[in-house]
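Below are the chains, spelled out letter by letter.
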Amino acid sequence: MNRRMIALLGGVAAMAGTVAFAGTAEAASTPCSAEAKACVQRSSNTAWLTDGAGHVTYGGVPITVGLAKYPTPLGTFHVQYKDIDHYSRQFNGPMPYSVFFTTTGVAFHQGSLKVKSHGCVHLSHAAAVTFYDSLHPGDVVQVVP
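Remember, it's a predicted structure, so these values are computed and weren't measured experimentally.

**Q** Where do I start with helix α2 (residues 125–134) in this structure?
**A** An α-helical turn contains 3.6 residues, so a residue and the one three or four places further along point in the same direction. All buried positions along α2 are accounted for by Ala 127, Ala 128, Phe 131 and Tyr 132. Down the axis, α2 shows its buried residues gathered within 135° of arc, on one side only.

**Q** In this structure, what is going on with the sheet that holds strand β4 (residues 75–78)? I would like to understand it.
**A** Adjacent strands of a sheet pair through backbone hydrogen bonds, lying either parallel or antiparallel. With mixed pairing, 5 strands are arranged side by side in an open sheet as β3-β2-β1-β9-β4. Bordering the open sheet on either side are β3 (56–62) and β4, each of which pairs with just one other strand. Within this sheet the neighbouring strands show an average axis-to-axis angle of 15°, counted without direction. When β4 meets strand β9 (residues 140–144), the two strands line up antiparallel, connected through 4 bridges. Opposite His 78, over in β9, you have Val 140 as the bridge partner. Across the sheet, α2 touches β1 (38–41), β2 (46–50) and β3, and the angle it forms with β3 is around 145°.

**Q** It is not clear to me how the side chain of His 109 should be interpreted in this structure. Could you clarify?
**A** Within the secondary structure layout, His 109 lies in strand β7 (residues 107–110). His 109 gets classed as buried once you look at its relative accessible area, which sits at 5%. With sequence-adjacent residues up to four places away left out, His 109 is seen in contact with Met 95, Pro 96, Tyr 97, Ser 98, Cys 120, Val 121, His 122, Leu 123 and Ala 128.

**Q** So what exactly am I meant to see when it comes to the environment of His 122 here?
**A** One can find His 122 in strand β8 (residues 121–123). The class of His 122 is buried, set by a relative accessible area of 9%. On a C-alpha basis, the gap between His 122 and Met 95 in space is 9.2 Å, while along the polypeptide they are 27 residues apart. His 122 has contacts with Pro 62, Ile 63, Thr 64, His 109, Gly 111, Ser 112, Leu 113, Val 115, Lys 116 and Ser 117, leaving out every residue within four places of it along the chain. Polar side-chain contacts of His 122 include one of 2.9 Å to the backbone oxygen of Ser 112.

**Q** When you look at the layout of surface pockets in this model, what are you seeing that I'm missing?
**A** Unoccupied space between atoms shows up once a probe the size of one water molecule is rolled over them. One number sums up the size of the largest pocket: a volume of about 390 Å³. Lining the largest pocket are 20 residues, and of these Ser 88, Phe 91, Met 95, His 118 and Cys 120 lie nearest its centre. Secondary structure elements with two or more residues in the lining of the largest pocket: β5 (81–88) and β6 (93–100). Per-element tally for the lining of the largest pocket: the top contributor is β6, with 4 residues. Partitioning the lining of the largest pocket into residue classes produces 7 nonpolar, 12 polar and 1 charged.

**Q** What is the right way to look at the sheet that holds β6 in this model?
**A** The strand order across the open sheet formed by 4 strands is β5-β6-β7-β8, and the pairing between neighbours is mixed. One side of each edge strand has no neighbouring strand; the edge strands of this open sheet are β5 and β8. If you compare each strand with its neighbour and ignore which way they point, the axes differ by 30° on average. Looking at chain direction, β6 and β7 are connected through 2 bridges and run antiparallel. Following the sheet pairing, Val 99 is matched in β7 by Phe 108.

Thresholds applied
- Residues numbered from 1 in each chain as written.
- Predicted model: local features only at pLDDT ≥ 70, side-chain atom pairs only at ≥ 80, totals over all residues.
- Heavy atoms only, no water.
- Buried < 20%, exposed > 50% of the residue type's maximum accessible area, 1.4 Å probe, protein only.
- Helix = DSSP H or I, 4+ residues; strand = E, 2+ residues; numbered from the N terminus.
- Arc of directions from axis to C-beta.
- Pairing = 2+ DSSP bridges.
- Axes fitted to C-alpha atoms, helices over the stretch in contact; angles between N-to-C directions.
- Contact = heavy atoms within 4.5 Å.
- Polar contact = N/O pair within 3.5 Å; in protein donor to acceptor, adjacent residues only side chain to side chain.
- 1 Å grid on protein atoms, 1.4 Å probe; cavity = no way out; pocket = protein on both sides within 12 Å on 5 of 7 lines; lining within 4 Å.
- Points joined across faces, edges and corners; volume = space filled by probe spheres on them.
- Nonpolar A, V, L, I, M, F, W, Y, C, P; charged D, E, K, R; others polar.

As far as function goes, none of this settles anything; it's purely spatial.
Right, dumping it as structure tokens:
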């Protein structure tokens, strides 16, 4: 084998090692317990999806949470139901790709990442679609400080 071919193969092996390492880095843990399929950290405005065994499958993604007057509640919850085209009569606004995880109407949904909510977790359009498609009734959602 000539030197150029050996150098090329060595470069490909190094790139493969880098790609494998990057994939491992994305599988970092969350600040939530392992059984949480969705994790929200209010202090960092970040949310993740996991496999329910503590391995990250999506995220962390940027979010906004509730205003001080309407905080996103802390604790462990379960997905109640989903509504792709929900409209809030209480706050007179659309809540696309809603995944409700409390019995009081708090949900993940597409919303502004610059404006705090009335308790819900705002996600970008792409993140809202992914959360909507990935979460199902009964799945564990955890919100930590």
